[in-house]
Amino acid sequence: MVPEPPPLPALTRAEGELVDAYLAVVDLLGKINPSRSTHTYGALRAAQALVGRAEALREALALMHARGESEVHADTLARALRVLDGERRAGRVTLPRT
C-alpha cells in the first residue's frame, strides 16, 4: 500500500493558483529540457503551451498583489509544492546526473 500523502497546507485561492501555475510551468520546462526530451515535436508543443501557463502564473501573482497579499509565505508554499510532488517535477528541469 502506498502511504497517504500529507494534507496540503491552508492556502488562499490565489496561492493555490500560484502553486498550480508554477508547477504547470515546471512540467512544461521539463518537457522542453533538451537534455531529457527525445522528440522535437513534443518539446515544440510544450514551448507553445508555456506562454499561456506563464500568463496564468503572472495573473496569479497579480491577483495576490491586488488582494493585498504582499508577502509570499515561502515555507507554506514549499510544503504545498512538496505534497504535489514538486521536487520530482522540478528535477526534470535540471541536467541529468551522469
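Residues numbered from 1 in each chain as written. Predicted model: local features only at pLDDT ≥ 70, side-chain atom pairs only at ≥ 80, totals over all residues. Heavy atoms only, no water.

Explain the environment of Leu 11 to me, please; I cannot follow it from the model alone.
Mapping Leu 11 onto the fold places it in the segment before α1 (13–32). According to the relative accessible area criterion, Leu 11 is partly exposed, its value standing at 27%. Sequence separation of Leu 11 and Ala 90 is 79 residues, and the distance between their C-alpha atoms is 21 Å. Ignoring sequence-local partners within four residues, the contact set of Leu 11 consists of Gly 16, Val 19, Thr 76, Leu 77 and Ala 80. (Helix = DSSP H or I, 4+ residues; strand = E, 2+ residues; numbered from the N terminus. Buried < 20%, exposed > 50% of the residue type's maximum accessible area, 1.4 Å probe, protein only. Contact = heavy atoms within 4.5 Å.)

Explanation requested: the packing of α1 against helix α2 (residues 40–66) in the structure shown.
Angle between the axes and distance between the axes: these two values describe a pair of packed helices. At a closest axis distance of 8 Å, the pairing of α1 and α2 adopts a crossing angle of 160 degrees. Of the possible angle classes, the one that applies to α1 and α2 is roughly antiparallel. Pair α1 / α2 crosses with left-handed handedness. Residues belonging to the contact of α1 with α2 are distributed by class as follows: 21 nonpolar, no polar and five charged. (Axes fitted to C-alpha atoms, helices over the stretch in contact; angles between N-to-C directions. Parallel < 35°, antiparallel > 145°, perpendicular 65-115°, else oblique. Left-handed = near helix turned anticlockwise from the far one by under 90°. Nonpolar A, V, L, I, M, F, W, Y, C, P; charged D, E, K, R; others polar.)

Explain the side chain of Arg 89 to me, please; I cannot follow it from the model alone.
Counting through the fold element by element, Arg 89 comes out in helix α4 (residues 86–91). The exposure class assigned to Arg 89 is buried, which follows from its relative accessible area of 19%. Each residue touching Arg 89, except ones within four places of it in the same chain, is listed here: Leu 23, Val 26, Asp 27 and Leu 84.

Explain the packing of α1 against helix α3 (residues 74–83) here, please?
One can describe the packing of α1 onto α3 by two numbers: an axis separation of 11 Å at closest approach and a directional angle of 50 degrees. Regarding the angle of α1 to α3, the classification is oblique. Considering only the axes of α1 and α3, their crossing is right-handed. Contacts from Glu 15, Leu 18, Val 19, Tyr 22 and Leu 23 of α1 reach α3 at Leu 77, Ala 80 and Leu 81. Looking at side-chain class alone, the contact of α1 with α3 contains seven nonpolar, no polar and one charged residues.

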